[in-house]
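Read off the chains here:
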Amino acid sequence: MPTTKENIGNLLDALYLEMLDLIEQQTVCRVNIERLMNNGQLMLAKTRYIQGSQTICSAQLPTENSNTFSALCEVVQQQNDTKISNVEFTSIRHTVDKEKEFVEPMQWFTSLPPSSLRSASELFKKCLDFVLESANIQRELIAVMKHIETLKRHKEITI
């Protein structure tokens, strides 16, 4: 912990600037998430319009009696000492491999998915990346706010 009032003030200034930067990043991230979600939903609606509303039914969805499968994308928490929070979420994308039980969900409905459905899938994958980035930013923002509160209390004690 810094000992002089001036050092504490300088650290608080730096943390407030970092907090404002993180708030801006979070806002940009949320706007991107909203934009990608809207575009993805629009592509799904286009697919449904092109294919017809009766081409997909709930019978095509997997049930507890279906073959087992694993998720193509996995979210993991990793140690990152460059961040104030020391932790970061990342995603691991697996390739489609039926032997390892990694299947492509689009193949449940059709063997040749339309381009609008593939576009929607890509938009939702990008959206997931932004959601992870947003979660990392939020975690970092909380850590910065905790440091600010700690320094404020320390500053009051040293006065």
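Definitions and cut-offs
- Residues numbered from 1 in each chain as written.
- Predicted model: local features only at pLDDT ≥ 70, side-chain atom pairs only at ≥ 80, totals over all residues.
- Heavy atoms only, no water.
- Axes fitted to C-alpha atoms, helices over the stretch in contact; angles between N-to-C directions.
- Helix = DSSP H or I, 4+ residues; strand = E, 2+ residues; numbered from the N terminus.
- Parallel < 35°, antiparallel > 145°, perpendicular 65-115°, else oblique.
- Left-handed = near helix turned anticlockwise from the far one by under 90°.
- Nonpolar A, V, L, I, M, F, W, Y, C, P; charged D, E, K, R; others polar.
- Disulfide = S-S within 2.5 Å.
- Buried < 20%, exposed > 50% of the residue type's maximum accessible area, 1.4 Å probe, protein only.
- Salt bridge = Lys/Arg side-chain N within 4 Å of Asp/Glu carboxyl O.

Would you mind going over the packing of helix H1 (residues 5-51) against helix H2 (residues 115-158) with me for this structure?
Helix packing for two helices is described by the angle between their axes and how far apart those axes are. Closest axis-to-axis distance for the H1/H2 pair is 7 Å, and the angle between their directions is 160°. In terms of orientation, H1 and H2 fall into the roughly antiparallel class. Judged by the twist between their axes, the crossing of H1 over H2 is left-handed. Its residues assigned to classes, the contact of H1 with H2 shows 28 nonpolar, 14 polar and nine charged.

What is the right way to look at the state of the cysteines in this model?
In protein chemistry, a disulfide is the covalent bond that joins the sulfur atoms of two cysteines. Scanning the entire structure with this criterion turns up zero disulfides. Take cysteine 29: it sits in no disulfide, and the sulfur closest to it among the cysteines is that of cysteine 127, at 9.4 Å. Of the residues examined, cysteine 29 reaches a relative accessible area of 1% and is grouped as buried. The thiol sulfur of cysteine 73 is not disulfide-bonded, and the nearest other cysteine sulfur, from cysteine 127, lies at 12 Å. Given the relative accessible area of 23%, cysteine 73 is considered partly exposed.

Any chance you could explain the pattern of salt bridges here in plain terms?
Here the idea is simple: oppositely charged side chains can pair when their charged atoms come close. Evaluation of the coordinates by the stated rule reveals three salt bridges. In this structure, glutamate 122 engages lysine 125 in a salt bridge whose closest nitrogen and oxygen atoms are separated by 3.6 Å. One end of the pair, glutamate 122, and the other, lysine 125, are both in helix H2, three residues apart, so they sit about a helical turn from each other. Take glutamate 122: its relative accessible area is 42%, and that puts it in the partly exposed class.

Worth remembering: the numbers are spatial, not functional.
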